[in-house]
Each structure stands twice: as structure tokens, then as C-alpha cells.
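Close look at the chain arrangement
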Amino acid sequence: MEASSRFKRFEVLSVKILAHLKILKMKHFSTGEMYVCNLGGSWYHSYVSAGDIVHVQSEKYLHNTYFVDDRHGLITIEPDKLIWSTWLSNSVSCMRKTWLSRMFTATATEQIMDEPSLIGEIVHDIFQTACTEKSYSLPLLKDIKERCLKEESLLKVCSANRIDMEQLTEKVDRFLLSIFSWFEEHFHQNSRRNYKLNSVIDIEESMNSPSLGIEGSLDVTYEVEIHGRPSRKALIPLELKTGRANTNFSHGHRIQVMSYSMGMKERGPNRNAGGLLLYLRNKRGEFKPEMSLIEMERWDEVELLQRRNELARFMSPQNTNLDGPHFVNSKWLCDNCDGKS
């Protein structure tokens, strides 16, 4: 395979805008060859200009021409600006708030850690430790919890933020039975699901995709066996949430899992089976696990990467538009938002 087929990174030399088509004249980074990329459908509205760097995923047609539209191809604008998957997730409800929290990092880093965030970190530690140690029984989970709560770093955080340890312990305890129930269902009972969890491959695995311009940290990477004819094995991410599941599972959380799945897909054919989204509280708010296998359709890839491109544009150091993303004008979201000022 020629180098230009493997490495599809270009500098945009000019942009020609027609009625329903945006035509990019590009120079290949490695070979210096000239190419053309035609953006149609929803990609027509992509903000791209001369001097931008782009990564194109598309078949090459005659005369070094690519086509990217709603049915074919993808384009990443400024792919070296890596956008965290959690930013993509948060931007679903309000891109402006996500932009503000990242652009004004001095304010963000000075924020006091609240109790719910701390509980989330502790529960994640318990779950991940249980996965790696295969400590699936309730007594072993309680032992892991005790170890986590005795960490010196945790005690310092609690002291600095005036968080009562006794109350914190009580709130963490509520999640243990939910974690235990999930382990029981997936490792000790016959499951009717169309997949089986085999083993833990890694925890907090780093995912960096220079072609998608996305990075993230996977809570757990599992090897799964997907039933079918024939059955096959695959590596998929599991994302853990300590909040309450909603009817259709949070769209932002689904975006996060799908971004992990897209990034992992680049690493090999056995990493393209989707991802698992696990909530430790069900839709009624009870401490009972609910999980879904998130599978990706074509339109999901398009929406995710277009959102990533938009967010990257606002976060670029070259961006002189200090106004940032537009307001969502939602009373429910905006009334108590700490970024509205």
C-alpha cells in the first residue's frame, strides 16, 4: 500500500464554496501531491479554511479526489488538537459551558471538589480494583472499600473540603451491593445476553487517536466473546457511571462510549464491537445496575466527529472569537449554571 493511502493528512490550500458543495484543494503532508476533497451533506457546514490541517478517511477516486458526505468518509479538522471524550460528552448539553471550563482553566482548577465527585472517584477505584483482583464477593468489595478510604490522599481531600468521613462512607456503601449484583450477573450466572465477558485487559487505558483528534481514558477494557455464527472475540471499553440512568441512557454518555469505540477500532479488527455503558443506579434511582451495549451506526460517527471538529475550532489557540459557542437559552440548564456570567 502506498504511503499516501495510509497517511491521509493534508494542508488545506484553498476552499471553494458552491451551492451544495465545499471543495478543498489540499497538499499531502508526506508526498507533496495535490488532492481535492469534496464536502457534501451535513459536512458542507464544516468550518474549514486555507492553512488548516485535515485528516481524511475516504476512498480515493480519480484525479486524487476524495468525497465526504453523510454516507461516506470522515474528515478531522486540526487533528493534532486532541479533544477529550469527556469534553464531547459534556458538550452535548451545553458546548459553551464545556468551552468555558477548558479555556479558563485557572478558575476550573481552583474549584473545590464536591462530595458527589469524590464519591464517584472512590466508587470507580473500588470497581476497577475489584475487576483486576477478581474480587467479586461482597466481603471482598468491602475490604477494597476500606483500603480506598484509608488512602492518605483521600483523607487530605476530605480535610481540605470539610467532607465528613462517616457520611462519605455511608454514601459509598450504597454502591457496593449494586457492584456486587453486576458481578454476580456477569460472572456467576448464566446470561441471556448476546455477549460474554471473558477477562479484564486493562484499566484506565489511554486512548489517543491522531486521526480522529480524540483522546480519553477507558475505565475498563474487557475481552468479550460475541455469540453468533461464528462466535468471535473482541476488546471493548466499559464506561462506569455512578449517576442515575435515564430512559434512553444519556446521549452525552453514549457519545463518550462511542468515541472510545471509534478510537479503539483503529488499533485492530478485534476492537470494533462497540462499548458498554454501566450505570450503578437504575432509572428509578435505586442502587441497582443497568447496562447497555452501545453499538455505533454511521450517523453516530458523523455526529461525533462533527461535534469534535466544532469544539476543537473554539478551543484552538488561533481562535480569536472570544464569544465562544452560542448560548443554549434553556431555563432548565442556564438558571443554575456557574458559567453563565
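Parameters at a glance
- Residues numbered from 1 in each chain as written.
- Predicted model: local features only at pLDDT ≥ 70, side-chain atom pairs only at ≥ 80, totals over all residues.
- Heavy atoms only, no water.
- Pairing = 2+ DSSP bridges.
- Helix = DSSP H or I, 4+ residues; strand = E, 2+ residues; numbered from the N terminus.
- Phe/Tyr/Trp six-rings, centres within 6.5 Å; stacked < 30°, edge-to-face > 60°.
- Buried < 20%, exposed > 50% of the residue type's maximum accessible area, 1.4 Å probe, protein only.
- Lys NZ or Arg CZ within 6 Å of the ring centre and 35° of its normal.
- Salt bridge = Lys/Arg side-chain N within 4 Å of Asp/Glu carboxyl O.
- Axes fitted to C-alpha atoms, helices over the stretch in contact; angles between N-to-C directions.
- Parallel < 35°, antiparallel > 145°, perpendicular 65-115°, else oblique.
- Left-handed = near helix turned anticlockwise from the far one by under 90°.
- Contact = heavy atoms within 4.5 Å.

Topic: the sheet that holds strand β7 (residues 74–77)
Pairing is mixed across the open sheet formed by seven strands, whose spatial order is β5-β6-β3-β2-β1-β4-β7. With partners counted over all chains shown, the strands left at the sheet margins are β5 (60–61) and β7, one partner each. Bridge count for strand β4 (residues 53–57) against β7 is four bridges, and the pairing is antiparallel. Within β7, the position partnered with H55 by the bridge is T76.

Quick look at the packing of aromatic side chains
For the coordinates displayed, the defined rule picks out 14 aromatic pairs. When the centroid spacing of 4.9 Å and the interplanar angle of 85° are considered together, the rings of F175 and F287 count as edge-to-face. Residue F175 is located in helix α8 (residues 165–188), and its partner F287 is located in the loop between β12 (275–281) and β13 (290–294); the two are separated by 112 residues in the primary sequence. Residue F175 is classed as buried on the basis of its relative accessible area, which comes to 7%. Ring centres of F183 and F187 lie 6.1 Å apart, and the angle between their planes is 45°; this geometry places the pair in the tilted category. With F183 and F187 both in helix α8 and four residues apart, the pair spans about one turn of that helix. Judged by its relative accessible area of 0%, F183 is buried. Among the aromatic residues, those joined into a ring-pair cluster are F127, Y136, W182, F183, F187 and Y222. The ring of Y44 carries the charged tip of K22 above its face, separated from the ring centre by 5.7 Å.

Observations concerning the pattern of salt bridges
Evaluation of the coordinates by the stated rule reveals eleven salt bridges. Across the pair K171 and E115 runs a salt bridge whose closest N-O atoms are separated by 2.5 Å. Taken together, the positions of K171 in helix α8 and E115 in helix α5 (residues 115–133) put the pair 56 residues apart, joining distant regions of the chain. Between D143 and R147 there is a salt bridge, with its nearest N and O atoms 3.4 Å apart. Residue D143 and its partner R147 are both found in helix α6 (residues 138–149); the two are separated by four residues, about one turn of the helix. A residue is classified by how much of its surface remains accessible, and D143, at 40% relative accessible area, is partly exposed.

A closer look at the packing of α5 against α6
With their axes 9 Å apart at the nearest point, α5 and α6 run at an angle of 130° to one another. Between α5 and α6, the angle is such that the two are oblique. For α5 against α6, the interelement crossing comes out right-handed. Taken together, the residues of α6 that come into contact with α5 (itself represented by I122, D125, I126, T129, A130 and E133) are L141, I144, K145, R147, C148 and L149.

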